[in-house]
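# Fold and geometry: a report
Each chain is listed here by its residues.
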Amino acid sequence: MVSIDDCIALCGLDREKIQAIAEHEHIPEVAAAALASYLLHREGGVAKIKEMMSDDLKEALAEGRNERASELLMALREFLEQWHSVH
């Protein structure tokens, strides 16, 4: 049986980024991992993931969820460091 950890490991992102995608799209983590894998292999996909994570960050700040905003900011920074130069 394939676990959620296996799916996340195969998609190319870590759990924090998958959780941000899942939160943004209102889908389970396993579906978010599949979406991330798809987007990372398509033109403009990295920009789409950046947009999702930025939207989540803005929403958390607007709602005063500062701890979540901090987590999302770190995840976004790590994502950009990893993927900005790739695509």
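For the structure itself, look to the data block above.
## Notes on the pattern of salt bridges
Between side chains of opposite charge, pairing is possible as soon as their charged atoms come close. All told, the structure shown has nine salt bridges when counted by the stated rule. Here Arg-15 ties to Asp-5 by a salt bridge, and the two come within 2.7 Å at their closest N and O atoms. Placement of Arg-15 in helix α2 (residues 15-25) and of Asp-5 in helix α1 (residues 4-11) is noted, with a sequence separation of ten residues between them. Salt-bridge contacts for Lys-17 lead to Glu-78; the nearest nitrogen and oxygen are separated by 2.8 Å. Here Glu-78 lies in helix α5 (residues 66-83) and Lys-17 lies in helix α2, a separation of 61 residues in the sequence. By sharing partners, the salt bridges in this structure join Glu-23, Glu-63, Arg-65, Arg-68 and Glu-71 into a single network.

## Overview of α2
Of the residues making up α2, those classed as buried are Lys-17, Ile-18, Ala-20, Ile-21 and Ala-22. One side-chain oxygen of the residue at the start of α2 lies 3.2 Å from the amide nitrogen of Glu-16, identifying that residue as Asp-14. Just past α2, the residue His-26 takes up positive phi, approximately 55°.

## A word on the packing of α1 against helix α3 (residues 29-40)
The geometry of α1 relative to α3 is characterised by a closest axis approach of 9 Å and an angle of 15° between their N-to-C directions. The angle between α1 and α3 places the two elements in the roughly parallel class. Crossing geometry of α1 relative to α3 is assigned as left-handed. Listed contacts from α3 to Ile-4, Cys-7, Ile-8 and Cys-11 of α1 are Glu-29, Val-30, Ala-33, Ala-36, Ser-37 and Leu-40. Grouping the constituent residues of the contact of α1 with α3 by class yields eight nonpolar, one polar and one charged.

## Notes on the side chain of Arg-68
Mapped onto the secondary structure, Arg-68 falls in helix α5. Its relative accessible area of 15% is what places Arg-68 among the buried residues. Excluding residues within four positions of it along the chain, Arg-68 makes contact with Glu-16, Gln-19, Ala-20, Glu-23 and Ala-60.

## Remarks on unusual backbone geometry
Residues apart from glycine generally show negative phi values, whereas peptide bonds are mostly found in trans. A positive phi is found at His-26, a non-glycine position, where the angle reads about 55°. Mapped onto the secondary structure, His-26 falls in the loop between α2 and α3.

## Quick notes on the nonpolar core
Ranked by size, the top nonpolar core spans 24 residues in total, and within it Leu-13, Ile-18, Ile-21, Leu-40, Ile-49, Met-53 and Phe-79 carry the most contacts. Of all the secondary structure elements, the ones that give two or more residues to this core are α1, α2, α3, α4 (45-62) and α5. Those residues in contact with Phe-79, other than ones at most four positions away along the chain, are Leu-13, Lys-17, Leu-40, Val-46, Ile-49, Lys-50, Met-53 and His-84.

Calculation rules
Residues numbered from 1 in each chain as written. Predicted model: local features only at pLDDT ≥ 70, side-chain atom pairs only at ≥ 80, totals over all residues. Heavy atoms only, no water. Salt bridge = Lys/Arg side-chain N within 4 Å of Asp/Glu carboxyl O. Helix = DSSP H or I, 4+ residues; strand = E, 2+ residues; numbered from the N terminus. Buried < 20%, exposed > 50% of the residue type's maximum accessible area, 1.4 Å probe, protein only. Polar contact = N/O pair within 3.5 Å; in protein donor to acceptor, adjacent residues only side chain to side chain. Axes fitted to C-alpha atoms, helices over the stretch in contact; angles between N-to-C directions. Parallel < 35°, antiparallel > 145°, perpendicular 65-115°, else oblique. Left-handed = near helix turned anticlockwise from the far one by under 90°. Contact = heavy atoms within 4.5 Å. Nonpolar A, V, L, I, M, F, W, Y, C, P; charged D, E, K, R; others polar. Core = buried A, V, L, I, M, F, W, Y, C linked by side-chain atoms within 4.5 Å.

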